[in-house]
Amino acid sequence: MKNLITIIFLTFSILLIAQTDPKIYDIIEAVSEERLRNDVKTLADFGTRHTLSDTLSDTRGIGAARRWIKSQFDNISKDCNDCLEVFFQKDLVAKGTNQRIVKDVMVVNVVAIQRGTKYPNRYIIMSGDIDSRVSDPTDFTSDSPGANDNATGMAGAIEAARVLSKYKFESSIVYLGLSGEEQGLFGGQGMARYAQENNWDIIGVLNNDMIGNIEGVDGVIDNRAFRIFSEPITTAETDPERLARQARGRRFYGGEVDGTSRQLARYVHKTTETYMPEMNPMMIYRLDRFGRGGHHRPFNDAGFAGIRIMEAHENYTQQHQDIRTENGIDYGDTFEHVNFPYCKKLTAVNAITMASLASAPPAPSEVGIGGIVEPSAKLKWNKVDGATGYKIYWRDTTSPTWDHSRYVGDVTEFTLEGIVIDNFLFGVAAVGKDGHESVVVFPNKIIR
């Protein structure tokens, strides 16, 4: 009888952890293609959103665009009983800071915070860029609609706010419009400093930059694949001795591709495969596209986890181009090139990732591992507030994703018998009452 009760309990526990959350499917369905279309059209119709463009007009330039974005967040907040804190965050960037800053400019970001009910100082951020440009990055007067780059990412953040503001989450969610990306990532730098100065505990930053194109310059048409760019380990550490210790540790114990940003990327991959299996998330082991950069980088530089989510197949004739027709090719980032069913899918990917993370308990801060010259792997971690249990993950050393897992209940140490520590990489996630998990934490100490 005792054995039977144990089997029933274990079976129930496995089913409880394996279940999906119905509200995540509701969130996917609630994302509106029509609203995304209307928002991208509105942003493109401001003519140019160049960082140095007009700030006084109500119809043209970045000033009009950011005021409109703030008005949308304000309206969303009214609809949810003032559930959003909406404000401008700004920094002055002086002329000559780099070659693209040809006059003094106030770089202004638009911020909307949906406070968490239990962990108000823990933040998951979705960002899109407000600004746009043409071929010459210093040309701030020519038409630069920036429909895909990056009205789609900005519209996605607004739409995510409309959908997720209907729910309450334990952790805070930030919907963010960043300026100054094309001039040198200035908006992200300012916002990362703001987060540091206000002691924000950032779970992760989902930077959305170009989420609306399915027809690549390589001839591929694909409305399911998207890329997740992430750096392997943090670049924020500056203490030479600490850096040397970390490098020695990675040499003997691994972890070269297991920094916090890479774990965030794996979380997006796993959440997408669970709730949107029709999509094809591609893990790209690189900070960004070859030799290029995006607005997650300043957050990475400040020590925060941050990734870039974007289309899989780019069309360079529609990026950073003067609007023109040459040799039968229409150049320019214009509205008609955006695929809105695809934009809806990638907006949903962001929304369900944020909903899952904001519903989960914090991740363990300490994870120890041992099992040298033993036929088993031992893991030990700190107890997490709000966790009802924990899950151990492991994968082949050459695998990009966590391929194996075991739910171990409400304990803080466990031995995986028969799993040789030499052949795999390991991590631990905290699990909440509804089955939502934290990001996986790679071991940060050795058990002797």
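Look up a bit, the structure's there.
To keep things clear, this report deals only with the structure shown in the data block. (Residues numbered from 1 in each chain as written. Predicted model: local features only at pLDDT ≥ 70, side-chain atom pairs only at ≥ 80, totals over all residues. Heavy atoms only, no water.)

Notes on the overall build of the chain
Along the chain, the regular secondary structure elements total 11 helices and 17 strands. Against the 2.2 N^0.38 benchmark of 22 Å for 448 residues, the chain shows a C-alpha radius of gyration of 23 Å, consistent with a compact globule. With the principal axes as the frame, the chain shows a C-alpha extent of 75 × 50 × 45 Å. For the chain, the proportion of its 448 residues judged to be buried stands at 55%. Taking all contacts inside the chain whose residues are at least 6 apart in sequence as the whole, residues at least 24 apart take part in 75%. Total accessible area on the chain stands at roughly 19400 Å², and carbon and sulfur atoms take up 51% of it. (Helix = DSSP H or I, 4+ residues; strand = E, 2+ residues; numbered from the N terminus. Rg over C-alpha atoms; globule rule 2.2 N^0.38 Å. Buried < 20%, exposed > 50% of the residue type's maximum accessible area, 1.4 Å probe, protein only. Contact = heavy atoms within 4.5 Å. Areas by Shrake-Rupley, 256 points an atom, 1.4 Å probe, with all protein chains shown as cover.)

Regarding the packing of helix H5 (residues 147–164) against helix H11 (residues 340–359)
The geometry of H5 relative to H11 is characterised by a closest axis approach of 9 Å and an angle of 50° between their N-to-C directions. Relative to H11, the element H5 lies oblique. In the packing of H5 onto H11, the handedness of the crossing is right-handed. Residues Thr152, Gly156, Glu159, Ala160 and Leu164 of H5 touch H11, and the partners they reach there are Cys343, Thr347, Ala351, Met354 and Ala355. (Axes fitted to C-alpha atoms, helices over the stretch in contact; angles between N-to-C directions. Parallel < 35°, antiparallel > 145°, perpendicular 65-115°, else oblique. Left-handed = near helix turned anticlockwise from the far one by under 90°.)

Examining a nonpolar patch on the surface
A surface patch of nonpolar side chains, about 490 Å² in accessible area, is lined by Phe252, Tyr253, Ile372 and Val373. Within the element layout of this structure, Ile372 appears in the loop between strand E11 (367–370) and strand E12 (376–381). (Patch = residues over 30% accessible without salt bridge, like charges linked within 9 Å, V, L, I, M, F, W, Y side chains within 5 Å. Salt bridge = Lys/Arg side-chain N within 4 Å of Asp/Glu carboxyl O.)

Some points on the pattern of salt bridges
Under the defined criterion, the tally for this structure stands at 28 salt bridges. Measuring nitrogen to oxygen at the nearest pair gives 3.6 Å for the salt bridge that ties Arg67 to Asp58. Residue class for Arg67 comes out partly exposed when judged on its relative accessible area of 34%. Here Arg289 and Glu314 are joined by a salt bridge, their closest N and O atoms 2.7 Å apart. Taken together, the positions of Arg289 in the loop between strand E7 (280–284) and helix H10 (297–301) and Glu314 in the loop between strand E8 (306–311) and strand E9 (324–326) put the pair 25 residues apart, joining distant regions of the chain. Per residue, the accessibility class of Arg289 equals that of Glu314, and both read buried. Each of Asp209, Arg227, Asp288, Arg289, Arg308 and Glu314 takes part in salt bridges that share partners, so that together they form one network.

Overview of the side chain of Gln183
Along the chain, Gln183 falls in helix H6 (residues 181–184). For Gln183, a relative accessible area of 1% translates into the label buried. A distance of 2.7 Å separates a polar atom in the side chain of Gln183 from the backbone oxygen of Arg100. Apart from the residues lying within four places of it in its own chain, the contact partners of Gln183 are His50, Thr51, Leu52, Asn98, Arg100, Ile101 and Pro137. (Polar contact = N/O pair within 3.5 Å; in protein donor to acceptor, adjacent residues only side chain to side chain.)

Some points on H11
The end-to-end C-alpha distance of H11 is 28 Å, a good match for the 28 Å that 20 residues give at a rise of 1.5 Å each. Along H11, 18 of the 20 residues are buried, which leaves the element largely enclosed by surrounding structure. The opening residue of H11, the one whose side-chain oxygen lies 3.0 Å from the backbone nitrogen of Tyr342, is Asn339. (Expected span 1.5 Å × (residues − 1).)

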